[in-house]
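Overview (structure and organization)
Listed here are the chains, written in short residue letters.
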Amino acid sequence: MESREFIEIVRKVLDVASGVRERAADEVTDRLSAYSPAQASALATLMSAAAVCEKENPVLEAELHAILELMSTGHVGLDHVAQLREIRVEELTPELREYVSDLLER
């Protein structure tokens, strides 16, 4: 992926509008094969930090799904998503708890 495109997706992942963040997470998932190993790991790290701060459950679900898909590329390790340990899983829905558990057990 070209630098310009990568920066654009990063901006969307960090956007103040929840709808933009949710669409960005979906876009990350849709473009898995476009990322270099460094881009995949950087996106996973960034999205993990964003997920820790996320207040909207639909956006959090999209972010967690994107992180899971990024991990499936083989370029993302547990150290890239370690920030997810900061999420208070007891405050999540059962489905979101399962996502976080799956990500941290890989």
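Residues numbered from 1 in each chain as written. Predicted model: local features only at pLDDT ≥ 70, side-chain atom pairs only at ≥ 80, totals over all residues. Heavy atoms only, no water.

Next up on the list: the pattern of salt bridges. For the structure shown, the criterion picks out five salt bridges. Glu2 serves as the salt-bridge partner of Arg4, at 3.6 Å between the closest nitrogen and oxygen. Here Glu27 ties to Arg31 by a salt bridge, and the two come within 3.8 Å at their closest N and O atoms. According to the relative accessible area criterion, Glu27 is partly exposed, its value standing at 23%. Via salt bridges that share partners, Glu5, Lys12, Glu27 and Arg31 belong to a single interconnected network. (Salt bridge = Lys/Arg side-chain N within 4 Å of Asp/Glu carboxyl O. Buried < 20%, exposed > 50% of the residue type's maximum accessible area, 1.4 Å probe, protein only.)

Another point: the packing of helix H1 (residues 3-13) against helix H2 (residues 18-30). The N-to-C vectors of H1 and H2 enclose an angle of 140°; their axes lie 7 Å apart at closest approach. Accordingly, the angle class assigned to the pair H1 and H2 is oblique. In this structure, H1 contributes Ile9, Lys12 and Val13 to the contact, and H2 contributes Val20, Arg21, Ala24, Glu27 and Val28. (Axes fitted to C-alpha atoms, helices over the stretch in contact; angles between N-to-C directions. Helix = DSSP H or I, 4+ residues; strand = E, 2+ residues; numbered from the N terminus. Parallel < 35°, antiparallel > 145°, perpendicular 65-115°, else oblique. Contact = heavy atoms within 4.5 Å.)

With that out of the way, let us pick up the nonpolar core. The biggest cluster of nonpolar side chains holds 31 residues, and the ones touching the most others in it are Ile9, Val28, Leu64, Ile67 and Leu70. For this core, the secondary structure elements donating two or more residues are H1, H2, helix H3 (37-53), helix H4 (57-71) and helix H5 (94-104). Top contributing element to this core by residue count: H4, with eight residues. Apart from the residues within four sequence positions on either side, Leu64 is in contact with Ala51, Leu84, Leu96, Tyr99, Val100 and Leu103. (Core = buried A, V, L, I, M, F, W, Y, C linked by side-chain atoms within 4.5 Å.)

A word on H4. For H4, with 15 residues, the first-to-last C-alpha span of 21 Å sits near the 21 Å given by 1.5 Å per residue. Along H4, the residues that are buried comprise Val59, Leu60, Ala62, Glu63, Leu64, Ala66, Ile67, Leu68, Leu70 and Met71. On its buried face, H4 is in contact with H2, H3 and H5. (Expected span 1.5 Å × (residues − 1).)

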